[in-house]
Amino acid sequence: DSKFKGSYLNEISFDDDQMSQVNRAIVKIVRKRPFQSEALMLLTCVDIRPDHLLKFKKSDLKDGYILFRKEIKKDRSKGKVEDTKVYYTDGIVRALDRLDRQYKRKCHQKYRFIPWLFPSDRIDWGNPDDFQTNKTRRQSLGGAWRDVRKLIKFEGSIKTLRKTYFTQEVELERSQGKTTDEAIEVVV
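Residues numbered from 1 in each chain as written. Predicted model: local features only at pLDDT ≥ 70, side-chain atom pairs only at ≥ 80, totals over all residues. Heavy atoms only, no water.

Student: Before we go on, may I ask you to explain the side chain of Ser-37 in this structure?
Tutor: When you line up the elements, Ser-37 lands in helix H2 (residues 34-43). For Ser-37, the contacting residues outside a window of four places in its chain are Ile-26, Ile-29 and Val-30. (Helix = DSSP H or I, 4+ residues; strand = E, 2+ residues; numbered from the N terminus. Contact = heavy atoms within 4.5 Å.)

Right, here's the structure in full:
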């Protein structure tokens, strides 16, 4: 039993209709929160925790995959943690294309010096020594998610996006004739 007031959201995931509403809401907030909205869009198609996603660097985008560095993973295993590759899917390519368009916008040209994939919007541009540090990295997606929640008519949290992705992948494996346990094993 959790005493956290948001714990009722721990076991839910969005259905297809709700997911399309979430995607529309994310697109609506793009002008107000450009990089945060693209991070949320990427979260809808990968099994990566939001705080890990915000630690990705532009150099982690490789040809055909995203390098998920061991330095940013949550250490949950007793064994050795290794880098993994998150291969591009149609959803990931679409989200990265949207992010690339943000970087090409004239008002965002200054962010090309920032190594983080999702830069902060509170950068001290007068101090170039800080450009390579964590000070220029987005720390949270909470503000963007609050804006999304105002536009949708149902409950959910940022981690619900990851749970929804996981649930959809398990259902896809089950539709191919696997048992639930086998499907979970393949997805994990």
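Text resumes after the structure shown.
Student: Can you help me understand helix H1 (residues 16-28) in this one?
Tutor: Spanning 13 residues, H1 covers 19 Å between terminal C-alpha atoms, matching the ideal 18 Å at 1.5 Å per step. By the N-cap criterion, in which a side-chain oxygen at the helix start approaches the backbone nitrogen of a residue two or three places on, H1 is capped by Asp-15, the distance to Asp-17 being 3.1 Å. (Expected span 1.5 Å × (residues − 1). Polar contact = N/O pair within 3.5 Å; in protein donor to acceptor, adjacent residues only side chain to side chain.)

Student: Just to check I follow, could you spell out the packing of aromatic side chains for this structure?
Tutor: By convention here, two paired aromatic rings are described through the distance between centres and the angle between planes. One pass over the full model with this rule turns up 7 aromatic pairs. When the centroid spacing of 5.5 Å and the interplanar angle of 70 degrees are considered together, the rings of Phe-14 and Phe-154 count as edge-to-face. With Phe-14 in the segment before H1 and Phe-154 in the loop between helix H5 (142-151) and helix H6 (158-175), this pair connects stretches of sequence that are 140 residues apart. Ring centres of Tyr-111 and Trp-125 lie 5.3 Å apart, and the angle between their planes is 75 degrees; on these two criteria the pair is classed as edge-to-face. In this pair, Tyr-111 is assigned in the loop between helix H4 (90-104) and H5 and Trp-125 in the loop between H4 and H5, connecting sequence segments 14 residues apart. The buried category is assigned to Tyr-111, whose relative accessible area is 7%. Trp-125 sits in the partly exposed class, given a relative accessible area of 31%. (Phe/Tyr/Trp six-rings, centres within 6.5 Å; stacked < 30°, edge-to-face > 60°. Buried < 20%, exposed > 50% of the residue type's maximum accessible area, 1.4 Å probe, protein only.)

Student: Any chance you could explain the pattern of salt bridges here in plain terms?
Tutor: Under the counting rule described, the total for this entry stands at 12 salt bridges. The partner of Arg-69 in a salt bridge is Asp-60, and the shortest N-O contact between them spans 2.9 Å. Residue class for Arg-69 comes out buried when judged on its relative accessible area of 15%. Arg-69 is the salt-bridge partner of Glu-71, the closest N and O atoms lying 4.0 Å from each other. Exposure remark for Glu-71: the relative accessible area of 54% places this residue in the exposed category. (Salt bridge = Lys/Arg side-chain N within 4 Å of Asp/Glu carboxyl O.)

Student: Please clarify how the environment of Val-170 should be interpreted in this entry.
Tutor: Along the polypeptide, Val-170 turns up in helix H6. With residues near it in sequence (within four places) discarded, Val-170 still touches Ala-183, Ile-184 and Val-187.

Student: Sorry if this is basic, but what is going on with the nonpolar core here?
Tutor: Here is a general trend for soluble globular proteins: nonpolar side chains tend to be buried in one another's company. Core analysis: the biggest nonpolar cluster contains 42 residues, and Val-22, Leu-40 and Leu-42 have the highest contact counts within it. Where this core is concerned, the elements lending two or more residues are H1, H2, strand S1 (65-68), H4, H5 and H6. It is H2 that contributes the most residues to this core, 6 residues altogether. Ignoring any residue separated from it by four or fewer positions in sequence, one finds Leu-40 in contact with Ile-26, Leu-141, Ala-144, Trp-145, Val-148 and Leu-161. (Core = buried A, V, L, I, M, F, W, Y, C linked by side-chain atoms within 4.5 Å.)

Student: How do you make sense of the side chain of Glu-38 when you look at a structure like this?
Tutor: By the element assignment, Glu-38 lies in helix H2. For Glu-38, a relative accessible area of 2% translates into the label buried. Residues in contact with Glu-38, not counting those within four places in the same chain, are Val-30, Ala-95, Arg-98, Leu-99, Gln-102 and Phe-118.

Student: What is the right way to read the packing of H6 against helix H7 (residues 180-187) from this model?
Tutor: Relative orientation and spacing of two packed helices are given, respectively, by the angle between their axes and the distance between those axes. One can describe the packing of H6 onto H7 by two numbers: an axis separation of 8 Å at closest approach and a directional angle of 125 degrees. In terms of axis orientation, H6 runs oblique to H7. The hand of the H6/H7 crossing is right-handed. In this structure, H6 contributes Phe-166, Glu-169, Val-170, Glu-173 and Arg-174 to the contact, and H7 contributes Thr-180, Ala-183, Ile-184, Val-186 and Val-187. Among the residues forming the contact of H6 with H7, the class breakdown is 6 nonpolar, 1 polar and 3 charged. (Axes fitted to C-alpha atoms, helices over the stretch in contact; angles between N-to-C directions. Parallel < 35°, antiparallel > 145°, perpendicular 65-115°, else oblique. Left-handed = near helix turned anticlockwise from the far one by under 90°. Nonpolar A, V, L, I, M, F, W, Y, C, P; charged D, E, K, R; others polar.)

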